[in-house]
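Here are the chains, one letter per residue:
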Amino acid sequence: MSEIFPWTPAAIVFDCDGTLMDSERHWQLARDQVLQQFDIVVSDEFAELTKGVHYVECGQLMAAEIHRPDLTEEVTEQLLDTFRALVAEAPATTPGAAELVARAAEFAPLAVASNCPRDVVQDGLEAAGLLRHFSHVVVPEERLRPKPFPDVYLNAVAACQAEPSDSLAVEDSLCGIRSAVRAGLRVLGVGPLPDRESLAMVDHWVSALDDRPLTTWMTNRALSRAS
């Protein structure tokens, strides 16, 4: 579980929502608000099922939950519109994200690989002052399939001119961890309560990005590069 610490990644690829931006709660609230219109109370199982998935898939799951597949497009649009409004009201980073990203940028090229629309990712990172640290933002577009397919991670690593096996993914969801592992990256998992499958797949897990051993490791990598 601590194999990353003696190592210096050639590139680091971050997930955005729930990893860098404290916006997973916005996704959950947006999902819940849309479903409340149909008198649906979200169960813990459904909440876990929709965590980290592409917004189109989330809309499909929500339409199935209300037994109205014919409303999939409408539900998906409502989900996105509600989420954008919530993020615009209160953009915030997760604990330690800003400091960790700034430190990581001192020794490795950085990219973002997200299932969210590009404008949501870029606007959120820009509002948080983080976008300037990232050379590339990769989202499912054109032929790139969403997580849990490996496409966004493979594309992000290639854009950073690194090999997957030499690169680190930072992820908070099972869906994203599956994507990164399938792409061949080492994975740093982040979050308070990892599920068993996630914990089994990652190379290391921290409860938050302000974890002291993690920040020390990043600082040492940056100092080594500087010297």
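See the structure shown above.
Everything quoted here is computed from the prediction, not taken from an experiment. (Residues numbered from 1 in each chain as written. Predicted model: local features only at pLDDT ≥ 70, side-chain atom pairs only at ≥ 80, totals over all residues. Heavy atoms only, no water.)

1. Some thoughts on the overall build of the protein chain
In step 1: Within the protein chain one finds 10 helices and 6 strands.
In step 2: Its C-alpha radius of gyration of 17 Å places the protein chain within 12% of the 17 Å reference for a compact globule of 227 residues.
In step 3: Along the first, second and third principal axes, the C-alpha set of the protein chain runs to 60 × 35 × 35 Å.
In step 4: Across the 227 residues in the protein chain, those meeting the buried criterion constitute 49%.
In step 5: Partitioning the contacts of the protein chain with sequence separation of at least 6, the portion at a separation of at least 24 is 66%.
In step 6: Only carbon and sulfur atoms are counted for the fraction: they give 49% of the accessible area of the protein chain, which is about 10,700 Å².
In step 7: When the 18 basic and 35 acidic side-chain charges of the protein chain are each reduced to a single mean position, those positions are 7 Å apart. (Helix = DSSP H or I, 4+ residues; strand = E, 2+ residues; numbered from the N terminus. Rg over C-alpha atoms; globule rule 2.2 N^0.38 Å. Buried < 20%, exposed > 50% of the residue type's maximum accessible area, 1.4 Å probe, protein only. Contact = heavy atoms within 4.5 Å. Areas by Shrake-Rupley, 256 points an atom, 1.4 Å probe, with all protein chains shown as cover. Lys, Arg positive; Asp, Glu negative; His and termini not counted. Charge placed at Lys NZ, Arg CZ, Asp CG, Glu CD.)

2. Quick look at the state of the cysteines
In step 1: Counting across every chain of the model gives 0 disulfides.
In step 2: In this structure Cys160 is a free cysteine whose sulfur lies 15 Å from that of Cys16, the closest cysteine sulfur available.
In step 3: Classification of Cys160 by relative accessible area gives buried; the value is 10%.
In step 4: With no disulfide of its own, Cys175 lies closest to Cys58 among cysteine sulfurs, the gap being 11 Å. (Disulfide = S-S within 2.5 Å.)

3. Comments concerning a negative patch on the surface
In step 1: Together, Glu73, Glu74, Glu77 and Asp81 give the surface a local cluster of negative charge.
In step 2: Structurally, Asp81 can be placed in helix H4 (residues 72-89). (Patch = residues over 30% accessible without salt bridge, like charges linked within 9 Å, V, L, I, M, F, W, Y side chains within 5 Å. Salt bridge = Lys/Arg side-chain N within 4 Å of Asp/Glu carboxyl O.)

4. Quick look at the packing of aromatic side chains
In step 1: Across all of its chains, the model carries 3 aromatic pairs by this definition.
In step 2: Look at Phe5 and Trp217: their rings are 5.8 Å apart centre to centre, the planes differ by 75°, and that puts the pair in the edge-to-face class. Highlighted residues: Phe5 in the segment before strand S1 (11-14) and Trp217 in helix H10 (residues 212-226), separated in sequence by 212 residues.
In step 3: With a centroid separation of 5.9 Å and 85° between ring planes, the pair formed by Phe14 and Phe134 is classed as edge-to-face. Of this pair, Phe14 sits in strand S1 while Phe134 sits in the loop between helix H6 (118-127) and strand S3 (136-138); the two residues are 120 residues apart in sequence, bridging distant segments of the chain.
In step 4: For the cation-ring pair, Arg186 lies above Trp7, with the distance from its terminal atom to the ring centre recorded as 4.1 Å. (Phe/Tyr/Trp six-rings, centres within 6.5 Å; stacked < 30°, edge-to-face > 60°. Lys NZ or Arg CZ within 6 Å of the ring centre and 35° of its normal.)

5. Quick look at the nonpolar core
In step 1: Formed by 51 residues in total, the largest nonpolar core has its most connected members in Ile12, Phe14, Leu20, Leu125 and Phe134.
In step 2: Core analysis: the next-biggest nonpolar cluster, separate from the first, contains 19 residues, Ala113, Tyr153, Val157 and Ala169 among them. (Core = buried A, V, L, I, M, F, W, Y, C linked by side-chain atoms within 4.5 Å.)

6. Remarks on H10
In step 1: Between its terminal C-alpha atoms H10 stretches 21 Å, which fits the 21 Å expected from 15 residues at 1.5 Å a residue.
In step 2: Of all the residues in H10, the buried ones are Leu214, Trp217, Met218, Arg221 and Ala222. Projection of H10 onto a plane perpendicular to its axis shows the buried side chains occupying an angular sector of 130°, all on one side. Those residues of H10 that are exposed and aimed more than 90 degrees away from the buried face are Arg212, Leu223 and Ala226.
In step 3: The backbone nitrogen of Leu214 has a side-chain oxygen 3.0 Å away, supplied by the residue at the start of H10, namely Asp211. (Expected span 1.5 Å × (residues − 1). Arc of directions from axis to C-beta. Polar contact = N/O pair within 3.5 Å; in protein donor to acceptor, adjacent residues only side chain to side chain.)

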